[in-house]
Amino acid sequence: MKLSMAATIIMSSVFPRSSTSFVSQAHGTSRFMTQRILRKSTTRTFADLAYRLDGLEKPTVWHEFSPLASKHGAINLGQGFPDWEPPEFVLESMMRSTDPRYDRHANQYARSYAHFPLANVLALEYNERFFPNSGHSKKIIDPATHVATAVGCTNALFCAMQGLINPGNEVVLMEPAFDIYSAQVRMAGGKPVFVPLRPQEDTSLGASAVFNLDLQELEDAITPETRVLLINTPHNPTGKIFSKAELEGIAKIIERHPHVTVISDEVYEHITFDPVNEPHISFASLPGMYDHTLTLSSSGKTFSCTGWKVGWAIGPPHLTRAVSSVQQWVNFSAPTPNQDAIAQSLERAKSPYRGFKSYYEYLAAEYKRKRGLLVDALETAGMTPVIPNGGFFIMADTSNVDFPNHYLD
């Protein structure tokens, strides 16, 4: 079975290389970088980039697909952003954030950790999610120290990697994976270690069942040098939602290897297509896992405002400070008006919206409708799509498609 990635009409995919070539190149480049760093070289010139960027300075798939889509008038499935505007209540929130008449006081620097109005909203929401039985009298998540915001989830992840990884540390990644993951590990001086989600032959099962994680294979990848295990659910690019049983299995592994920190990327948390039978479960909500986990998310995909770049990290202070300690020396803080607008939007998203109980329900229904459009299109083109259970990516079996040879060179 040949699998290729396609993004839904809603968003686009990163179109990575095959797992085998991706692993080979990543490991090869990592060894190459190590050799270059250890060897005192006199061949570098004043115009050369730092060793840590070896292999990373070339154009990405985004640089390739966007110009091609523009040139040929094609629907752009290679760029990761919605092609529609944010909902009106989100736009109104931004207006209120910047207009002094509303006394939001959001036009100057925010505190480096997080703009307090957003931190307060996030602390309340995640406290309810992670500790539903703690009661309102016991607030475990402190907005002052358990919440760190950043310029998008990608920036939060970069800061976390820089703050947690020492040269030579290993980071376990499940692949296929968002290509930024391995690049950020390497820029921090770490070594990516890949564990595959192994596809099953029966593609009719849906992404969550098709792409299997072998828990023993995952544990075998952990060594004394492992610093981070990165989880992504709902998963980019497969559309898999990790089940409670899978997450509990991972939690047992972490219990046996407490030196490992889990970074859980949950940016597609509100895009699930069967929330009753297959809900999104935050890894940090499992018993004993909060202290081991840094949970990442953002507003861009949820509110269709990817250009606003508001992301966040939730976790115990010894992990959130990895983000804030790096950010304070780089961009210092995420833009205050953007953070403030998202704080308002998160509160308003819980209200009824366009006939749905909440904006979140509307969002999931709309993505599900558009998932159906692209599934039909892929089938019409002779591909066999693996139906995603969450997110906005679709993997497809291309075995029945005859590609011109020059496409494969």
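The following paragraphs examine the structure supplied in this document. (Residues numbered from 1 in each chain as written. Predicted model: local features only at pLDDT ≥ 70, side-chain atom pairs only at ≥ 80, totals over all residues. Heavy atoms only, no water.)

## Some details on unusual backbone geometry
The criterion, for reference: Runs of H or I in DSSP of at least four residues are treated as helices and runs of E of at least two as strands, each being numbered from the N terminus. For each residue, the accessible area found with a 1.4 Å probe, counting protein chains only, is set against the maximum for its type, and the residue is called buried under 20%, exposed over 50%, and partly exposed in between.
Cis geometry is adopted by the peptide bond preceding Pro 234, which originates at Thr 233 and carries an omega value of -10°. By the element assignment, Pro 234 lies in the loop between strand E6 (226–232) and helix H9 (244–256). Put simply, Asn 236 and Pro 237 share a cis peptide bond, and its omega is 15°. In this fold, Pro 237 is placed in the loop between E6 and H9. Its identity as a non-glycine residue notwithstanding, Ser 304 has a phi of 55°, on the positive side. Mapped onto the elements, Ser 304 comes out in the loop between strand E8 (293–298) and strand E9 (311–314). Note on Ser 304: relative accessible area 6%, which makes it buried.

## Structural notes on a nonpolar patch on the surface
Quick note on the threshold: Residues form patches when they are more than 30% accessible in relative terms and have no salt bridge. Like charges link within 9 Å. Nonpolar side chains (Val, Leu, Ile, Met, Phe, Trp, Tyr) link within 5 Å. Calculation of accessible area relied on Shrake-Rupley with a 1.4 Å probe; when residues are assessed, cover is drawn exclusively from the protein chains displayed. Throughout this description, the term salt bridge denotes a Lys or Arg side-chain nitrogen within 4 Å of a carboxyl oxygen of Asp or Glu.
On the surface, a nonpolar cluster with roughly 350 Å² of combined accessible area is contributed by Phe 403, Tyr 407 and Leu 408. The residue Leu 408 is located in the segment after strand E11 (393–397) in this model.

## With respect to the pattern of salt bridges
Side-chain pairs of opposite charge can arise where the charged atoms are in close proximity. Evaluation of the coordinates by the stated rule reveals 13 salt bridges. For Asp 340, the salt bridge identified is with Arg 104, shortest N-O distance 2.8 Å. Here Asp 340 is found in helix H11 (residues 336–348), whereas its partner Arg 104 is found in the loop between helix H3 (88–98) and helix H4 (116–130), with 236 residues between them in sequence. Looking at Asp 340, the relative accessible area reads 0%, which means it is buried. Close ionic contact of Lys 350 with Glu 125 constitutes a salt bridge, the shortest N to O distance being 3.6 Å. Taken together, the residues span a long stretch of sequence, with Lys 350 in the loop between H11 and helix H12 (359–380) and Glu 125 in helix H4 at a distance of 225 residues.

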